[in-house]
Amino acid sequence: DAGVTQSPTHLIKTRGQQVTLRCSPISGHKSVSWYQQVLGQGPQFIFQYYEKEERGRGNFPDRFSARQFPNYSSELNVNALLLGDSALYLCASSSGRFVEQFFGPGTRLTVL
Amino acid sequence: AQKITQTQPGMFVQEKEAVTLDCTYDTSDQSYGLFWYKQPSSGEMIFLIYQGSYDEQNATEGRYSLNFQKARKSANLVISASQLGDSAMYFCAMTVPDTGRRALTFGSGTRLQVQP
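Residues numbered from 1 in each chain as written. Chains lettered and ligands numbered in written order. Predicted model: local features only at pLDDT ≥ 70, side-chain atom pairs only at ≥ 80, totals over all residues. Heavy atoms only, no water.

*Asks:* Would you take a moment to explain the overall build of chain B for this structure?
*Replies:* Within chain B, the secondary structure is distributed over 0 helices and 12 strands. A globule of 116 residues ought to have a C-alpha radius of gyration of about 13 Å, and chain B, at 14 Å, matches this closely. Relative to its 116 residues, chain B shows a buried fraction of 48%. When contacts within chain B are restricted to residue pairs at least 6 apart in sequence, long-range pairs at least 24 apart make up 55% of them. On chain B, roughly 5,500 Å² of surface is accessible, and the fraction owed to carbon and sulfur atoms is 46%. In chain B, the 10 positive side-chain charges and the 11 negative ones have mean positions that sit 4 Å from each other. (Helix = DSSP H or I, 4+ residues; strand = E, 2+ residues; numbered from the N terminus. Rg over C-alpha atoms; globule rule 2.2 N^0.38 Å. Buried < 20%, exposed > 50% of the residue type's maximum accessible area, 1.4 Å probe, protein only. Contact = heavy atoms within 4.5 Å. Areas by Shrake-Rupley, 256 points an atom, 1.4 Å probe, with all protein chains shown as cover. Lys, Arg positive; Asp, Glu negative; His and termini not counted. Charge placed at Lys NZ, Arg CZ, Asp CG, Glu CD.)

*Asks:* Please clarify how the state of the cysteines should be interpreted in this entry.
*Replies:* Going through the model one piece at a time under the given rule, you end up with 2 disulfides over all chains. One disulfide bridge connects Cys23 of chain A with Cys91 of chain A, the sulfur atoms lying 1.8 Å from each other. Measuring the twist about the S-S bond at about -65°, one finds the Cys23 of chain A-Cys91 of chain A disulfide to be left-handed. Here Cys23 of chain A is found in strand β3 (residues 19-24), whereas its partner Cys91 of chain A is found in strand β9 (residues 87-94), with 68 residues between them in sequence. Between the sulfur of Cys23 of chain B and that of Cys92 of chain B lies a disulfide, 2.0 Å long from S to S. An S-S torsion of about -60° defines the bridge between Cys23 of chain B and Cys92 of chain B as left-handed. With a gap of 69 residues between them, Cys23 of chain B in the loop between β3 (19-21) and β4 (24-26) and Cys92 of chain B in strand β10 (residues 88-95) connect regions that are remote in the sequence. Grouping residues by exposure puts Cys23 of chain B and Cys92 of chain B together as buried. (Disulfide = S-S within 2.5 Å.)

*Asks:* Sorry if this is basic, but what is going on with the environment of Glu15 of chain B here?
*Replies:* You can see Glu15 of chain B is positioned in the loop between β2 (10-14) and β3. Put simply, Glu15 of chain B and Ser42 of chain B are 27 residues apart on the chain and 22 Å apart in space, counted from C-alpha to C-alpha.

*Asks:* Looking at this model, I keep getting lost on the environment of Gly84 of chain A. Mind explaining?
*Replies:* Mapped onto the elements, Gly84 of chain A comes out in the loop between β8 (74-78) and β9. Distance in space between the C-alpha atoms of Gly84 of chain A and Leu112 of chain A is 9.8 Å, their sequence separation being 28 residues.

*Asks:* Teacher, can you tell me more about the side chain of His29 of chain A here?
*Replies:* Residues and elements named next belong to chain A. In this fold, His29 is placed in the loop between β3 and β4 (31-37). Residue His29 is classed as buried on the basis of its relative accessible area, which comes to 10%. Polar side-chain contacts of His29 include one of 2.8 Å to the side chain of Ser93. From its side chain, His29 meets the backbone nitrogen of Ser94 in a polar contact 3.5 Å long. For His29, the contacting residues outside a window of four places in its chain are Tyr72, Ser93, Ser94, Ser95 and Phe102. (Polar contact = N/O pair within 3.5 Å; in protein donor to acceptor, adjacent residues only side chain to side chain.)

Have a look at this one:
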C-alpha cells in the first residue's frame, strides 16, 4: 500500500508570493493534518481536517489556509510568503482516534 | 494546553549498547496518548511506539520500549542494542483526543548518534 504522498518535494519562492502544497493520505484514512517544522525544532501543528471539515487549527496567521477534498486529499495554501515561512511542511494521515499518524516525506519550502 | 519537554539536545551511544531518551509531558487531561517518532536526515517522520494514558503495561515494539511513569509524567524511550541506522532525530509527542482533534504536540527533539 502506498504511504502518504506530498508534492512538490522542494519549492523555492520569493517573499510576497503564494504557494500551494499537496498531500494524499493513505487509502482509507479520512484525517489529514499539516505541520510546519522549522530547522532545528519539532513540528508545529497547523491544521487538521477530518471528513472534509476543519477540526483544529494551530497558532498560525490567516495567511495559512487549507482544505480537504472528497477523496480526502488536502491542500495547504500560504499567501504573502515571509522569510520565516521557510520550513519543512509535513502532512500526516490517520484513521482513528488512538492510532498513530503516518507522515509523508514533506515539502521543503525555501522563501528568498 | 499540552507541553512536551525533551532535555537532551544530543546523545551518543556505542553500537550494540542500550540508550534512554528522556521525555516529560504536561497536561491536565486524564486521557491522552504518547508517541515517539524517528526523523532521519531525509525528513520523514517514522512512527516508533505508542502508549495510552490508561495502558497499564509499558509499550514495546521490537528494540523500542517506552518507560511510562504516569505519576512523574515521563515517557522515556529505550532503544536496546543500538545500530548505526538508529542515528537520527527522535521526537516525543502527545495527543489529547478529548479536545476533539488528533493533533500532535511535539517536543524539541533529541539527536542520537550511534558510534561504531
